[in-house]
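Per-entry structural report
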Amino acid sequence: MTNILILFLAGGASALLAASIWQHFRYLRIRRERLEDRQPLFYSGAAFHTVTYLKLDASLGRNEELAALRALRKAIEAPGGGRVVYAGLVAVNMAASTQLPNDWSALAMAQYPSKDAFERQYEGPELKKVLAACERSHVHGYRRPEILNLLLPLGLGMLRLRDILLRRQPVLPFQPLAAEDALPQIQAKRKELLAFDDYRDIREDAVVVVNLIQPGTAEQRAADRAYTGEMMRGMAEGGYGPIHMGAAISVEGEERFKNFASVYYPGIDHMHAMIGSTFINRVGPGKQLGDTLAVATIPVLERLDDATT
């Protein structure tokens, strides 16, 4: 009996390990192939991350937006600098900030060996020249805990397993809701999301929402936890969700945010279906923060390798 129990436990542990490895590499493959994300899995504890927002004259067109990102990448990756791990064109503003402008063209996320390395480059002429050429820019830092981010896919897997065991009502597929039956703010957002369709020629199967977050009052935090819990259930079910999470750190200006997060959604059609659903009409009002800047982006890092794009 003891031997059977040991074999049973060993088999269970092996199955759990295999499932964890599969889940981790499932998300890693999505990051590398769909999001064109080049964030290393392992890095020094001294590493420092930044997100740089760029605003360009809209009349200049998409090629100029890509050219600006290309110049930004070159400046960041100069000797002694950092490494761009994600770049995207901003398609839609998902949530408006009261601290920062909300109209952006593109952004890039970067990893530096240390905060000192970032500060040296930030004060240098190359990066200053690139940012000065834009209509507007903003750089915000964040600390990205290695262990937390490695465990994100596993946490989503455990959440999905819990829902299966508890036989909870699935979130997916989203059930559509007639536009006239949606809440006014949801109706407005559905119209704004039509801007996504202008980016289908770049990429249809991946959207990354980049967030700077400042929590609100205790009442707002409670409502937001309920909203986040429901959203995470859908993410765990659909195999998408948070890719980068960390503590936000101001490096310029007076703006203050507590958290940074970037979240992957599986494409433009998914965004339309989600915002047009009974689900988001039900849970959406629960998203309550003290302040947030949330922009939905289309991945373009690989296009920055091609100077002719």
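Below or above, wherever it landed, is the structure these notes cover. (Residues numbered from 1 in each chain as written. Predicted model: local features only at pLDDT ≥ 70, side-chain atom pairs only at ≥ 80, totals over all residues. Heavy atoms only, no water.)

1. Details of the overall build of the chain
To keep it simple, the criterion reads: A helix here means a DSSP run of H or I that spans at least four residues, while a strand means a run of E at least two residues long, and both kinds are numbered starting from the N terminus. It is over C-alpha atoms that the radius of gyration is taken, and the globule rule equals 2.2 Å times the number of residues to the power 0.38. In this scheme, a residue with accessible area under 20% of its type's maximum is buried, one over 50% is exposed, and one in between is partly exposed, where area comes from a 1.4 Å probe on protein chains only.
Within the chain, the secondary structure is distributed over 9 helices and 8 strands. Computed over the C-alpha atoms, the radius of gyration of the chain is 21 Å, within 12% of the 19 Å expected from 2.2 N^0.38 for a compact globule of 309 residues. Considering only C-alpha atoms, the chain reaches an extent of 70 × 55 × 40 Å along its principal axes. Taken over 309 residues, the chain has a buried fraction of 50%.

2. Quick word on helix α5 (residues 146-166)
Selection criterion: For a helix, the expected span equals 1.5 Å multiplied by the residue count minus one. Bend at a residue means the angle formed by two fitted axes: the first through the 7 residues ending at that position, the second through the 7 residues beginning there.
With 21 residues, α5 should reach 30 Å at 1.5 Å per residue; the first-to-last C-alpha distance of 31 Å fits that figure. At Leu152, α5 shows its maximal bend, which comes to roughly 40 degrees, and the proline Pro153 appears one to four places after that position. Residues of α5 that are buried include every one of Asn149, Leu150, Leu152, Pro153, Leu156, Leu159 and Asp163, and no others. Arg167 sits one or two residues past α5 and shows a positive phi near 55 degrees.

3. Focus: the sheet that holds strand β8 (residues 291-299)
Test applied: Note: two strands are recorded as paired if DSSP finds a minimum of 2 bridges between them. Inter-axis angles, ranging from 0 to 180 degrees, are taken between N-to-C directions of lines fitted to C-alpha atoms, where helices are fitted over the stretch in contact.
Spatially, β1-β3-β2-β8-β5-β7-β6-β4 is the arrangement adopted by the 8 strands of the closed barrel, whose pairing is antiparallel. Neighbour to neighbour, the strand axes of the sheet diverge by 35 degrees on average, direction disregarded. Bridging between strand β4 (residues 136-143) and strand β6 (residues 241-250) involves 4 bridges; their strand directions are antiparallel. Residue pairing in the sheet places Gly141 in a bridge with Ile249 of β6.

4. A look at the environment of Glu237
Tracing the sequence through the fold places Glu237 in helix α7 (residues 218-238). On the accessibility criterion, Glu237 (19% relative accessible area) is buried. Sequence spacing of Glu237 and Ala117 is 120 residues, and the spatial spacing of their C-alpha atoms is 40 Å.

5. A word on the packing of α5 against α7
Condition: In this scheme, roughly parallel covers angles under 35 degrees and roughly antiparallel covers those over 145, while 65 to 115 is roughly perpendicular and the rest are oblique. Two residues qualify as a contact provided that any one of their heavy atoms is within 4.5 Å of a heavy atom in the partner residue. In this count, Pro and Cys sit with the nonpolar residues alongside Ala, Val, Leu, Ile, Met, Phe, Trp and Tyr, while Asp, Glu, Lys and Arg are called charged and the others, Gly among them, polar.
Their axes nearest at 8 Å, the elements α5 and α7 cross at an angle of 95 degrees. By the angle between their axes, α5 is roughly perpendicular relative to α7. Residue-level inspection shows Leu156, Leu159, Arg160, Arg162 and Asp163 of α5 in contact with α7, the latter providing Met232, Arg233, Met235, Ala236 and Glu237. Residues belonging to the contact of α5 with α7 are distributed by class as follows: 5 nonpolar, no polar and 5 charged.

6. Section: the packing of aromatic side chains
The criterion, for reference: Centre distance within 6.5 Å is the pairing criterion for rings of Phe, Tyr and Trp, where only the six-membered ring of Trp is used; planes under 30 degrees apart are then read as stacked, over 60 as edge-to-face, and the remainder as tilted.
Counting across every chain of the model gives 7 aromatic pairs. A centroid spacing of 5.4 Å and a plane angle of 70 degrees characterise the contact between Tyr112 and Phe118, whose relative ring orientation is edge-to-face. The burial state of Tyr112 is the same as that of Phe118; both residues are buried. With 5.6 Å between their ring centres and 40 degrees between their planes, Tyr240 and Tyr265 make a pair best called tilted.

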